[in-house]
Amino acid sequence: RPAEDRLGLDFRERGYGVAVADVDADGREDLLVCAHGQNRLYLGTADGRFVDATEASGLGKHRRWSVAASFGDLDGDGDLDAVHLELSGEVHALLNEGAQGRGLVVRLHDPEGSNPRGLGACVRVRTASGTQSRWLASGDGYASAHEAAAHFGLGEREGAVQVLVRWPDGFEQEDLAPAGARHHTVTRSR
């Protein structure tokens, strides 16, 4: 328990899966823990700890036995929504209406290669406050697959965002997401 206490995590229920993403688009990663009895949402804080936001997010109303969760922008608004799978096989979508910052969804497109979505690439965004990195993958964890896109929480920053991609074969490319953009596609240059 010392590590859980230091991080601000409280796992009373048996956990089955964890999905990691920046749910509130503040630039810090958050945790959605699938558990027997009650799923939990923990928001990352500036001091590296987590705060339990299960009740505040509305997730506390849903007492389920979930075994897997995935994130993606289901409604196209630039923030991350969640899908979780119950042990019974039922699937539930949770639309995120509470993100406080701007989210940026970066998709990759390689029209001529054998990996058109760029799976395995490292995508970075650089802003005045720092750099964030994501590895592009669509599957991770038990019975779950995430959207094949990199999601970044940018907080209140509305300016253009520098996007750097290291494709799986090592080719590096730089691009610029326009000011205010919530979605951006980087097409591989040759």
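Residues numbered from 1 in each chain as written. Predicted model: local features only at pLDDT ≥ 70, side-chain atom pairs only at ≥ 80, totals over all residues. Heavy atoms only, no water.

Visitor: How should I be thinking about the overall build of the protein chain in this particular structure?
Guide: Each helix and strand in the protein chain was counted, giving two helices and 14 strands. Over its C-alpha trace the protein chain gives a radius of gyration of 17 Å, about what one expects of a compact globule, namely 16 Å for 190 residues. Overall size of the protein chain, expressed as C-alpha extent along the three principal axes, is 50 × 35 × 30 Å. For the protein chain, the residues scored as buried account for 43% of the 190 residues in total. Taking contacts inside the protein chain between residues at least 6 apart in sequence as the whole, the part at least 24 apart equals 46%. With 21 positive and 30 negative side-chain charges, the protein chain shows a spacing of 4 Å between the two charge centroids. (Helix = DSSP H or I, 4+ residues; strand = E, 2+ residues; numbered from the N terminus. Rg over C-alpha atoms; globule rule 2.2 N^0.38 Å. Buried < 20%, exposed > 50% of the residue type's maximum accessible area, 1.4 Å probe, protein only. Contact = heavy atoms within 4.5 Å. Lys, Arg positive; Asp, Glu negative; His and termini not counted. Charge placed at Lys NZ, Arg CZ, Asp CG, Glu CD.)

Visitor: In this structure, what is going on with the pattern of salt bridges? I would like to understand it.
Guide: Close approach of charged atoms allows side chains with opposite charge to pair. All chains considered together, the criterion is met by eight salt bridges. In this structure, the salt-bridge partner of R40 is D52, at a minimum N-O distance of 3.1 Å. One end of the pair, R40, is in strand β3 (residues 40-44); the other, D52, is in strand β4 (residues 50-52), and twelve residues separate them in sequence. Note on R40: relative accessible area 18%, which makes it buried. Classification of D52 by relative accessible area gives partly exposed; the value is 36%. Ionic contacts of the salt-bridge type, sharing partners, join the residues D110, E112 and R190 into one network. (Salt bridge = Lys/Arg side-chain N within 4 Å of Asp/Glu carboxyl O.)

Visitor: Would you take a moment to explain the confidence of the model for the protein chain for this structure?
Guide: Should the pLDDT be low somewhere, the predicted coordinates at that spot are not to be read in detail. Mean pLDDT over the protein chain stands at 87; residues scoring 70 or higher make up 93%. At the low end of the mean pLDDT range in the protein chain sits helix α1 (residues 2-7), at 69; at the high end sits strand β12 (residues 161-166), at 97. (pLDDT = per-residue confidence, 0-100.)

Visitor: Would you mind showing me how to read the nonpolar core here?
Guide: Grouped burial of nonpolar side chains is what soluble globular proteins tend to show. Of all hydrophobic cores here, the largest spans 17 residues; its most connected members are L104, V106, L108 and V163. Leaving out residues up to four positions away in the same chain, V106 has contacts with V123, A149, A150, F152, V163, H184 and V186. Counting residues in each nonpolar core, the second largest holds twelve residues, with A19, A21, A53 and A69 among its members. (Core = buried A, V, L, I, M, F, W, Y, C linked by side-chain atoms within 4.5 Å.)

Visitor: Can you walk me through the side chain of D24 in this structure?
Guide: For D24, the position within the fold is in the loop between β1 (15-21) and β2 (30-35). It is R28 that comes nearest to the buried, bridge-free D24 among opposite-charge side chains, at 5.9 Å. Setting aside residues up to four positions removed in sequence, D24 forms contacts with D30, L43, A99, Q100 and G101.

Visitor: Help me understand empty space enclosed by the protein, please; the structure alone is not making it clear to me.
Guide: Remark: the empty space left among the atoms is shown by a probe the size of a water molecule rolled over them. Overall, the coordinates contain one cavity of 30 Å³ or more when judged by the stated rule. Of the voids in this model, the largest cavity is the one considered here, and its volume is about 50 Å³. For the largest cavity, the full set of lining residues is D22, V23, A25, G78, D79, L80, G103, L104, H151, F152 and G153. Contributing elements (two or more residues each) for the lining of the largest cavity: β8 (103-109) and β11 (150-153). Here the element with the most residues in the lining of the largest cavity is β11; it accounts for three residues. A breakdown of the residues in the lining of the largest cavity according to their chemical character gives five nonpolar, four polar and two charged. (1 Å grid on protein atoms, 1.4 Å probe; cavity = no way out; pocket = protein on both sides within 12 Å on 5 of 7 lines; lining within 4 Å. Points joined across faces, edges and corners; volume = space filled by probe spheres on them. Nonpolar A, V, L, I, M, F, W, Y, C, P; charged D, E, K, R; others polar.)

Visitor: Explain the sheet that holds strand β7 (residues 91-94) here, please?
Guide: Whenever strands of a sheet pair, they do so through backbone hydrogen bonds, lying parallel or antiparallel. Taken in spatial order, the three strands of this open sheet run β5-β6-β7, and their pairing is antiparallel. Strands at the two margins of the open sheet, each flanked by one partner only, are β5 (66-72) and β7. In this sheet, neighbouring strand axes are inclined to one another by 20 degrees on average, regardless of whether the strands run parallel or antiparallel. Pairing of β5 with strand β6 (residues 81-86), which is carried by six bridges, proceeds in the antiparallel orientation. Each residue of the ladder has a partner; that of S70, found in β6, is V83. (Pairing = 2+ DSSP bridges. Axes fitted to C-alpha atoms, helices over the stretch in contact; angles between N-to-C directions.)

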